[in-house]
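Coordinate analysis (summary)
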Amino acid sequence: ANIIEIKNLKKSYEDGHIKALNGIDLTIEEGEFVSIIGPSGSGKSTLLNMLGALDLPDSGSINVAGYDLLSNTKLNEFRGDKLGFIFQLHNLIPNISVVENVEIPMFTKDWSSKQMRERALNLLDIVGLKDKAKQMPNKLSGGERQRVAIARALANEPSIILADEPTGSLDSKTSNKILKQLTKLHKEENVTLIVVTHDMNVAKLADRVIEVLDGKIIDGSEGSLLNSE
Ligand code: ADP
Ligand code: ADP
């Protein structure tokens, strides 16, 4: 089944002078791992923002996990219930512990504090950081913080994870570790994974690579053109 259906999506800035998205057509299946590539300024982040209902498109249609994102209703419910975000600027909260950071997205659920703590520790275990649960974020390395962000992105049992350059500022050893965790979680929990990257080593791990240029998809919108394996 399709979890994402986008038709003729348009978004412009500066009174229409900048056409950030210029007619995007895209369908993504539940459980797919899709990477989005393209030069700087081609519209990748704008597309990711539309998928996360962080910004509204001008026209077209966009349906994600059963939510019509143009109707402008229930968008908070959609974000809290369905999405996990891994964005570079989505930093950890510095004055609470690692495990408490991971618990933050769980407050949209009806879970007891015991259930939340158990799930958070499990997620930290999956990303290899259970022994750092009680640490404050500033005691962790960049790679460890990024892995905490991944655990946090999974906290609310999202159907979809949106990641913007998840390994952007990391060395290749750390970045490989994180990618392994991400693909493992994607496979084990059937999460739909959408990753914007300029790194072909990251892009090629995906089931499908979508190339964006000048606000349009020039390759990969129908899938399977660049399968990894
Ligand atoms: P990418 O992520 O591929 O680098 P973006 O989606 O960030 O591309 O940007 C697409 C185009 O839209 C660029 O020309 C960019 O300058 C412009 N743009 C993005 N966000 C804004 C904004 N908030 N205001 C004005 N222009 C923007
Ligand atoms: P990773 O590969 O997971 O990013 P590193 O090899 O960079 O981990 O770091 C190894 C250990 O060094 C970590 O357990 C971390 O506690 C410590 N460390 C690394 N960088 C920092 C830092 N900037 N501040 C505090 N501790 C750090």
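All chains use their own residue numbering, which begins from 1 and follows the written sequence. Numbering of ligands from 1 and lettering of chains from A proceed in the order in which they are written. Local features in this predicted model are restricted to residues of pLDDT 70 or higher, and side-chain atom pairs are both shown and tallied only at a pLDDT of 80 or more, whereas totals for entire chains, interfaces and linings draw on every residue. Where side-chain values are given, they derive from all heavy atoms of the structure, hydrogens and water being excluded.

- As recorded by an unreviewed UniProt entry, the chain carries the name Lipoprotein-releasing system ATP-binding protein LolD and is attributed to Methanobrevibacter woesei.

Section: helix H2 (residues 75–82)
- When we look at burial in H2, the residues that qualify are Leu75, Phe78 and Gly80.
- By definition, residues are in contact when any of their heavy atoms lie within 4.5 Å. Under the DSSP-based scheme used, a helix requires at least four consecutive residues in state H or I and a strand at least two consecutive residues in state E, with every element numbered from the N terminus. Where H2 is buried, its residues touch helix H1 (44–51), strand E4 (59–64), strand E5 (67–68) and strand E6 (83–87). With a 1.4 Å probe rolled over the protein chains alone, any residue whose accessible area is under 20% of its type maximum counts as buried; one over 50% counts as exposed, and the rest are partly exposed.

Comments concerning the site of ligand 2
- Nearness is defined per residue: one heavy atom within 4 Å of the molecule or strand is enough. The immediate surroundings of ligand 2 are formed by Lys132, Lys139, Ser141, Gly143, Glu144, Arg147, Lys173, Thr174 and Lys177.
- Pairs of N or O atoms are called polar contacts if they sit within 3.5 Å, as long as, within protein, a hydrogen donor faces a hydrogen acceptor (for residues adjacent in sequence, only side-chain-to-side-chain pairs). For ligand 2, a nitrogen atom lies 3.3 Å from a polar atom in the backbone of Lys139.
- Interatomic distance of 2.5 Å between a side-chain N/O atom of Arg147 and an oxygen atom of ligand 2.
- Accessibility throughout is a Shrake-Rupley quantity obtained with a 1.4 Å probe, and a residue counts as covered only by protein chains that appear here. For ligand 2, the protein covers 51% of the area, taking 550 Å² as the surface of the free molecule.
- Counting only elements with at least two residues in the shell around ligand 2, the list comes to helix H5 (142–153) and helix H6 (172–189).
- Ten residue types, Ala, Val, Leu, Ile, Met, Phe, Trp, Tyr, Cys and Pro, are classed as nonpolar, four, Asp, Glu, Lys and Arg, as charged, and the remainder, Gly among them, as polar. For the shell around ligand 2, the residue count by class is no nonpolar, three polar and six charged.

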